[in-house]
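An overview of the molecular structure
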Amino acid sequence: MIIRALESAREQDLLQFSAIPEFAIEVPREKQHGDFASNVAMLMAREARMAPRKIAESLVGMINTSGTPVERIEIAGAGFINFYLNNSWLYEIPGLVYNMKDKYGYNEKINRKVQVEFVSANPTGNLHMGNARGGAIGDTLANILERAGNDVEREFYINDAGNQIEIFTDSMEARYFQLTGHDVEFPENGYAGLDLIDTVRNLIADYGKTLLDMPRDERRKIIVEYALQEKVDYIKETLLSFGIVYDVWFNEKSLHEAGKIDQVIQVLKDRDYCYENEGALWFKSTAFGDEKDEVLMRANGLPTYFAADIAYHQDKFERGFDWVINIWGADHHGHVARMKGAMQALGYDPDKLDILLMQLVRLYRAGNIVRMSKRTGTTVSLDELIADVGRDAARFFFVMRSPDSHLDFDLELARQKSQENPVYYVQYAHARICSIFRQADAEGIKMASLQAIDASLLQEEEELAILRKIADFPEELAIAARTLAPQRIARYVLDLAALFHSFYNHHRVLNDNSGLQDARLLLMAITSITIKNALDILGVNAPEKM
RNA sequence: GCGCCCGUAGCUCAGCAGGAUAGAGCAACGGUUUCCUAAACCGUGUGCCGGGGGUUCGAGUCCCUUCGGGCGCACCA
């Protein structure tokens, strides 16, 4: 429409320009600025050598709106052209949402395989707050991407090999000797967490003192397999209770066993991205913009964690993912450039690897920071957190803020079942709607069939606001997927709940006017559908009663 | 020293590829219940968007610089 107007303006010599600029048509933030707005006049100001408002005036004169839902056009501000639609499009929404139910907001399948890898906590201790945030963000993101039309796989990478596992085994072995009455020194850099002692106690319950007499290697093998089994089971169970189900649990050990690490190092050597220095093998990550080169193979002949991680990421791409997303703690940001560099060196497109860094969580209790080092043993674990504040509050809290932002998690605050806690505000909205339907049921009121309902009876400002907000949902989901921004969904559902509460306090759903009553019942139905849909994405329950 | 993230209302934070008068929640004060859940609603006000410079018709948003906070800079993972 605008393009046609531009061209006829040029033909009539009202405007001079060579090419039509890349102008935008967008939904303004303020609804008084119309349903759609265009900035085309401002963009053309320079070339046409005219004031933007004058350009806008000439254009508007050329626009033919007959046969379109455009009700009127206004020029505002510096030269915005605002289009006001009649409400007919809005009244299409209820039927659409009601028919799609829990599928509302979904985009069409786009045939893109996406992997989201998150948490991937070391199986050497409890899950801490950083893991918890990563879990909430990763799972929510996976949900968002799924609804945006991608084929999504959730993956957990189990670091069950390498140096830290040796230290872990040392620690276990020392505890085993100690708990069976031997005076053994605990390794200096060992895992001092109390949970480890429990694990060893379980081990002793199953094996007794039989391990004492075994050859060292055999004993260590039994110990480490026992402990890993127990730790991984614990992690699975805890994450399941946090609402997270993985498609793939990937063992680092399998890379070692299949010789993948040696293979990938060989490829990097062949491509001349490696050199030796002081007995170690280095990767030229500086060639890819990293600050310094990185060791792949230590002088002692053992591969580094980085080498294993390269093999792991290569494996991801070999599995055919079009988009690989990792959720990492911000303390790992130094690894981003070199991992992308390594993928580029291997011939993969580094832009297909996105690493979302989330800032750290600071846990507060009674105004004091709670340290959460895995090794000191003074930590609040995820299962304790869930028992304390509940899964819903915890998940909502963790995704409410941008991953870029530090998260101060106040345990007392999150525990309060009060207005401090926004998750209840949203859940209450859902429960209230369910209550309306229960009340209707009790009074023998049944909503009419969709065809029999006239949605255009919804004329109140509060009703229109809800309709507009619900209409926004697919767009909101698409933005959240594109920008990897789970907090947008939390924000969205809070806004929608607020609009509902406001409506609820101003108007009655069950009333004497049966036409209006049906329209409002339908409005309530699609509001609860959308709230529940958004809460599902966040992994939060939508209770029918509170 | 170098790198990444953050700096927006008293507090905690939103703010999508630069758009119109910068928004929520909490806290504070006042009001709302013969009626579908008052865990709710309504009203009252606050901002040199850390500072400075630049790009642009237009900057909280992009670029440079500077200050403040967090994190990282191992032949650890």
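Residues numbered from 1 in each chain as written. Chains lettered and ligands numbered in written order. Predicted model: local features only at pLDDT ≥ 70, side-chain atom pairs only at ≥ 80, totals over all residues. Heavy atoms only, no water.

1. Thoughts on the overall build of chain A
Just so we agree on the cut-off: Going along the chain from the N terminus, every DSSP run of H or I of four or more residues is numbered as a helix, and every run of E of two or more is numbered as a strand. Throughout, exposure labels follow a simple rule: accessible area from a 1.4 Å probe, protein chains only, divided by the maximum for the residue type, with under 20% read as buried, over 50% as exposed, and the rest as partly exposed. Note on definitions: a residue-residue contact is assigned when non-hydrogen atoms from the two residues lie within 4.5 Å. Note on areas: these come from Shrake-Rupley sampling with a 1.4 Å probe, and a residue is covered only by the protein chains present in the view. Counting rule applied: Lys, Arg positive; Asp, Glu negative; His and chain ends not counted. By convention, the point assigned to a charge is CZ for Arg, NZ for Lys, CD for Glu and CG for Asp.
Helix and strand counts for chain A come out as 19 helices and 15 strands. Of all 546 residues assigned to chain A, the portion counted as buried reaches 50%. For chain A, the share of sequence-separated contacts (at least 6 apart) that also reach a separation of at least 24 residues comes to 71%. Total accessible area computed for chain A in this model is approximately 26100 Å², and 47% of it derives from carbon and sulfur atoms. Computed over 60 positive and 81 negative side-chain charges, the separation of the two mean positions in chain A equals 2 Å.

2. Considering the sheet that holds strand β8 (residues 274–277)
Convention followed: Here, a strand pair is defined by DSSP locating no fewer than two bridges between the strands. Axis angles are defined between N-to-C directions and span 0 to 180 degrees, where every axis is a line fitted to C-alpha atoms and, for a helix, only to the segment in contact.
What the 3 strands build is an open sheet, ordered β8-β9-β10; its pairing is antiparallel. Either end of the sheet is taken by a strand with one partner, and the two such strands are β8 and β10 (294–297). Strand-to-strand, the axes of this sheet are offset by a mean angle of 45°, without reference to chain direction. With 4 bridges joining them, β8 and strand β9 (residues 280–283) adopt antiparallel strand pairing. Its bridge partner being in β9, Asn-277 is matched across the sheet by Ala-280. This element, helix α11 (residues 305–318), spans β9 and β10 of the sheet and lies at about 80° to β10.

3. Concerning unusual backbone geometry
What you tend to see is this: most non-glycine residues have negative phi, and most peptide bonds are trans. A positive phi angle, close to 55°, is found at Asn-111, a residue other than glycine. Exposure remark for Asn-111: the relative accessible area of 69% places this residue in the exposed category. One non-glycine residue with positive phi stands out, namely Leu-484, at about 50°. Positionally, Leu-484 belongs in the loop between α17 (461–482) and α18 (487–506).

4. Quick word on the nonpolar core
Which entries qualify depends on this criterion: The set of buried Ala, Val, Leu, Ile, Met, Phe, Trp, Tyr and Cys residues whose side-chain atoms join them within 4.5 Å is what this entry labels a nonpolar core.
One finds Phe-396, Phe-398 and Phe-409 to be the most contacted residues of the largest nonpolar core, which totals 99 residues. The leading source of residues in this core is helix α19 (residues 514–538), at 12 residues. In this structure, Phe-409 is in contact with Val-361, Arg-362, Leu-363, Tyr-364, Leu-385, Phe-397, Phe-398 and Ala-414, ignoring residues within four places of it in sequence. The next biggest cluster of nonpolar side chains, apart from the first, holds 31 residues, and it includes Phe-250, Leu-268, Phe-306 and Ile-310.

5. Digging into α11
Convention followed: The length a helix should cover is 1.5 Å for every residue beyond the first.
Along its 14 residues, α11 runs 20 Å from first to last C-alpha, staying within 8% of the 20 Å computed at 1.5 Å per residue. Of all the 14 residues making up α11, 12 are buried; the element is thus mostly covered by neighbouring parts of the structure. Along α11, the residues that are buried comprise Phe-306, Ala-307, Ala-308, Asp-309, Ile-310, Ala-311, Tyr-312, His-313, Gln-314, Asp-315, Lys-316 and Phe-317. Remark: Gly-320 follows α11 within two positions and exhibits a positive phi of approximately 90°.

6. Quick look at the environment of Ile-470
Following the sequence through the fold, Ile-470 ends up in helix α17. The class of Ile-470 is buried, set by a relative accessible area of 0%. For the pair Ile-470 and Glu-7, spaced 463 residues apart in sequence, the C-alpha separation works out to 36 Å. Among residues more than four places away in sequence, those in contact with Ile-470 are Ile-93, Val-97, Tyr-104, Tyr-492, Leu-496, Ile-526, Thr-527 and Thr-530.

7. Considerations on the packing of aromatic side chains
The condition that has to hold: When two rings of Phe, Tyr or Trp (its six-membered ring) have centres within 6.5 Å they constitute a pair, described as stacked for plane angles under 30 degrees, edge-to-face for angles over 60, and tilted for the intermediate range.
Scanning all chains against the criterion turns up 20 aromatic pairs. Taking the centre distance of 6.0 Å and the plane angle of 35° together, the rings of Tyr-104 and Phe-473 count as tilted. Taken together, the positions of Tyr-104 in the loop between α4 (93–100) and β5 (113–117) and Phe-473 in helix α17 put the pair 369 residues apart, joining distant regions of the chain. You can call Tyr-104 buried: its relative accessible area is 3%. With a relative accessible area of 0%, Phe-473 lands in the buried category. Relative to Phe-177, the ring of Tyr-176 has its centre 6.3 Å away and its plane inclined at 65°; by these criteria the two rings are edge-to-face. Each residue in the set Phe-118, Phe-156, Tyr-246 and Trp-249 is aromatic and connected to the rest through ring pairs, giving one cluster.

8. Overview of the confidence of the model for chain A
Let me state the cut-off plainly: By definition, pLDDT measures how confident the predictor is in each residue, and it falls between 0 and 100.
Per-residue pLDDT for chain A averages 89, and the proportion of residues at 70 or more is 95%. Low pLDDT, under 50, characterises residues 373–377; the predicted model gives this stretch 14 contacts beyond four residues in sequence or across chains. The ipTM, which scores confidence in the relative placement of chains, is 0.93 for this predicted complex, and the corresponding pTM is 0.92.

9. Points about the sheet that holds strand β4 (residues 80–85)
Strand order in the open sheet formed by 4 strands is β1-β2-β4-β3, and the pairing between neighbours is antiparallel. Each edge of the open sheet carries a strand with a single partner, namely β1 (25–26) and β3 (70–76). Bridge count between strand β2 (residues 36–38) and β4: 3 bridges; the pairing is antiparallel. Bridge assignment links Ser-38 to a residue of β4, and that residue is Ile-81. Sheet strands touched by helix α3 (residues 52–62): β3 and β4. Its angle to β3, the strand with the most contacts, is close to 160°.

10. Section: the environment of Lys-103
Counting through the fold element by element, Lys-103 comes out in the loop between α4 and β5. The exposure class of Lys-103 is partly exposed, given its relative accessible area of 43%. Through-space distance from the C-alpha of Lys-103 to that of Tyr-91 is 19 Å; in sequence the pair is 12 residues apart.

11. Focus: the protein's contact with RNA strand B
Note the threshold: Here, proximity means that at least one heavy atom of the residue falls within 4 Å of the molecule or strand. Polar contacts, as used here, are pairs of N or O atoms within 3.5 Å; protein pairs need one atom able to donate a hydrogen and one able to accept it. Residues neighboring in sequence count only if both atoms are side-chain atoms. For this classification, the nonpolar set comprises Ala, Val, Leu, Ile, Met, Phe, Trp, Tyr, Cys and Pro, the charged set comprises Asp, Glu, Lys and Arg, and every other residue, Gly included, is treated as polar.
The immediate surroundings of RNA strand B are formed by 64 residues, with Arg-298, His-335, Tyr-428, Ser-435 and Arg-508 found nearest. Backbone sugar and phosphate groups make up 63% of those atoms of RNA strand B lying within 4 Å of the protein. Here a base nitrogen of RNA strand B and a side-chain polar atom of His-335 are 2.6 Å apart. Gln-359 is positioned such that a nitrogen or oxygen atom in its side chain is 3.2 Å from a sugar or linking oxygen of RNA strand B. Where the surface near RNA strand B is concerned, the elements lending two or more residues are α2 (40–48), β4, α6 (163–179), α16 (422–442), α17 and α18. Residues of the surface near RNA strand B, tallied by class, amount to 21 nonpolar, 25 polar and 18 charged.

12. Here's the deal with the side chain of Asn-159
The residue Asn-159 is located in the loop between β6 (151–158) and α6 in this model. Here the side chain of Asn-159 touches Glu-252 through a polar contact of 3.4 Å, side chain to side chain. Apart from the residues lying within four places of it in its own chain, the contact partners of Asn-159 are Ser-120, Asn-122, Pro-123, Gln-164, Ile-165, Glu-252 and Tyr-305.

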